[in-house]
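Fold and contact review
So the chains spell out like this:
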Amino acid sequence: MSTYSRRLSPRRVEDGGLSVGPEPGPGRKSASVGISMPRLEKLDKKSRFNALQLPSSFLLAIVGFGAVCVLFVLAVVSLQQPAAVKRRTAAELETINRTVEAAEGPKVVDVELDELRGFLDSHLRRKRLSISIVAACHNRAHDMDVSLQTWLRVKNVDEIILVDWSSSNRASFLGSSRRSGELGKKLVLVRVEDQKEWVLTRAYNLAIKVASGSWILKVDCDTLVHPDFVDRHPIQKGAFYSLKFPRNSNEARLSGVLFAGRDDLLNVHGYDERLVRYGYEEKDLLRRLSLLDGRDLDPEYISHIPHSDPTGTTDVSSEVNKAVLESSKKWTEVVASDVDVPSSYKYTIEGDPKRAWWVSAEVQYTPHALEDVVGANNESALVVASKRVLHDKYSVPWDVVSNLSTENLFDLLLMVCSPILPGRILFVDAGKSMISVLSA
């Protein structure tokens, strides 16, 4: 058989066969010098198939090349895959990042905190030198409709971290947080599942850890923020802003608002997560930040949505929490000694590029509540602290306090701390479980 010609001409049909070869020219014979095959239309099916078959050596070469490619890919994968993969690699997270345009968005299960932060940094292009608003709520969707709109309008704020602490009506809460078209650019919603009780300290510590901003504006879900808040409170290293001296009851409800450096908050381990009741956690945190430059927050740039709290419960919880902390080891010392550590979580990321990012947080560990610690006399720290408050602040004799049942002990606390029932103890008969109060 003659070899292939370098310059092949179009197919030419001649009598006796189909020829592919060089064009005939001057001095050349018109006979074909290429591959010659009989006319296909004159052959039966079997002969036609055989005529079109490629050489067996060529087929073997193709199969061999394919096998080599497969072996090469398998070898590369085996070299890159560690023996035991416990956490997602940077390459895997980058692959997930490239899927953000999918209809449902990416979903990443069981990631650690640093993986979560890295993922959000990549997708949202979060900046370390920025400001984050953090808030945590439980069944406060009605407030979110109003307050969230003011947060979105605050100048120079790049991110909003909102923790939903097991709200009973999740659909309502999520709906209220998705009403603005700007949410996808700023909002990260973290949903903590299966928590029966609202624990402010743990919810806000979680929000601070997820946030990327170098400065944190901590607000309540009913806090309204002025657009020029950041401009009015200049950022300076080693400083923080809080409402030190509330002038009225309205401003007293804003005592939880805090504007501080994220690193400064993490250095003192945030809020004391052993406090599970509301009250005094803000003052405790400010006390641990006292070595910094504390500045007054301007109350003209924040306000709150009016609502009522259960009568007297806030004051009682604050007094009890304070008494418990005074007789306990400091939170910073506890964390540093590894006796007890802050809460830990596993995260699942569910993205919606057109709206916001949803993160589900599954609790892995929480520290023991201080009030559940049982002392040598078999009384809980909560009972001991309640007795101390009654004796030290309200002058109830020790022999009376010691004989009160737990139920009457708490009833008496509610009475003396009630803002609508100011008075002094006139008579306490522990034996007959009778308490008399004379209003002032």
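Report follows, based on the coordinates.

Cut-off values and rules
Residues numbered from 1 in each chain as written. Predicted model: local features only at pLDDT ≥ 70, side-chain atom pairs only at ≥ 80, totals over all residues. Heavy atoms only, no water. Helix = DSSP H or I, 4+ residues; strand = E, 2+ residues; numbered from the N terminus. Buried < 20%, exposed > 50% of the residue type's maximum accessible area, 1.4 Å probe, protein only. Contact = heavy atoms within 4.5 Å. Expected span 1.5 Å × (residues − 1). Phe/Tyr/Trp six-rings, centres within 6.5 Å; stacked < 30°, edge-to-face > 60°. Polar contact = N/O pair within 3.5 Å; in protein donor to acceptor, adjacent residues only side chain to side chain. Lys, Arg positive; Asp, Glu negative; His and termini not counted. Salt bridge = Lys/Arg side-chain N within 4 Å of Asp/Glu carboxyl O.

**With respect to the overall build of the protein chain**
For the protein chain, the count of helices and strands is 17 helices and 17 strands. Split into buried and exposed, the 440 residues of the protein chain put 41% on the buried side. Taking the contacts inside the protein chain whose residues are at least 6 apart along the sequence as the reference set, 70% of them involve residues at least 24 apart.

**Observations regarding helix H5 (residues 141-152)**
Taking 1.5 Å of rise per residue, the 12 residues of H5 would be expected to cover 16 Å, and the 16 Å separating its terminal C-alpha atoms lies within 8% of that figure. When H5 is considered as a whole, its buried residues turn out to be Ala141, Asp143, Met144, Ser147, Leu148, Thr150, Trp151 and Leu152.

**Examining the packing of aromatic side chains**
Across all of its chains, the model carries 5 aromatic pairs by this definition. Ring centres of Tyr204 and Tyr271 lie 6.3 Å apart, and the angle between their planes is 55 degrees; this geometry places the pair in the tilted category. Separated by 67 residues along the polypeptide, Tyr204 in helix H8 (residues 200-210) and Tyr271 in the loop between helix H11 (262-267) and helix H12 (281-288) bring together distant segments of the chain. Take Tyr204 and Tyr271: they sit in the same class, and that class is buried. An aromatic cluster of at least three residues, connected via ring pairs, comprises Trp215, Phe229, Tyr241 and Phe259.

**Focus on the environment of Glu251**
Summarising the element assignment, Glu251 is placed in helix H10 (residues 249-252). Looking at Glu251, the relative accessible area reads 5%, which means it is buried. Residues Glu251 and Ser303, 52 residues apart in the sequence, show an inter-C-alpha distance of 7.6 Å. Sequence-distant contacts of Glu251, that is, excluding residues within four places in its chain, are made with Leu243, Phe245, Pro246 and Pro299. In this structure the side chain of Glu251 is engaged in a polar contact, spanning 2.4 Å, whose partner is the side chain of Arg247.

**Quick notes on the side chain of Glu281**
Here Glu281 shows up in helix H12. Here Glu281 occupies a buried position and makes no salt bridge, while the nearest side chain of opposite charge, Lys218, is found at 6.4 Å. Looking at Glu281, its side chain comes within polar contact range of the main-chain nitrogen of Gly279, at 2.8 Å. Not counting residues within four places of it along the chain, the set of residues in contact with Glu281 comprises Leu200, Thr201, Tyr271 and Leu275.

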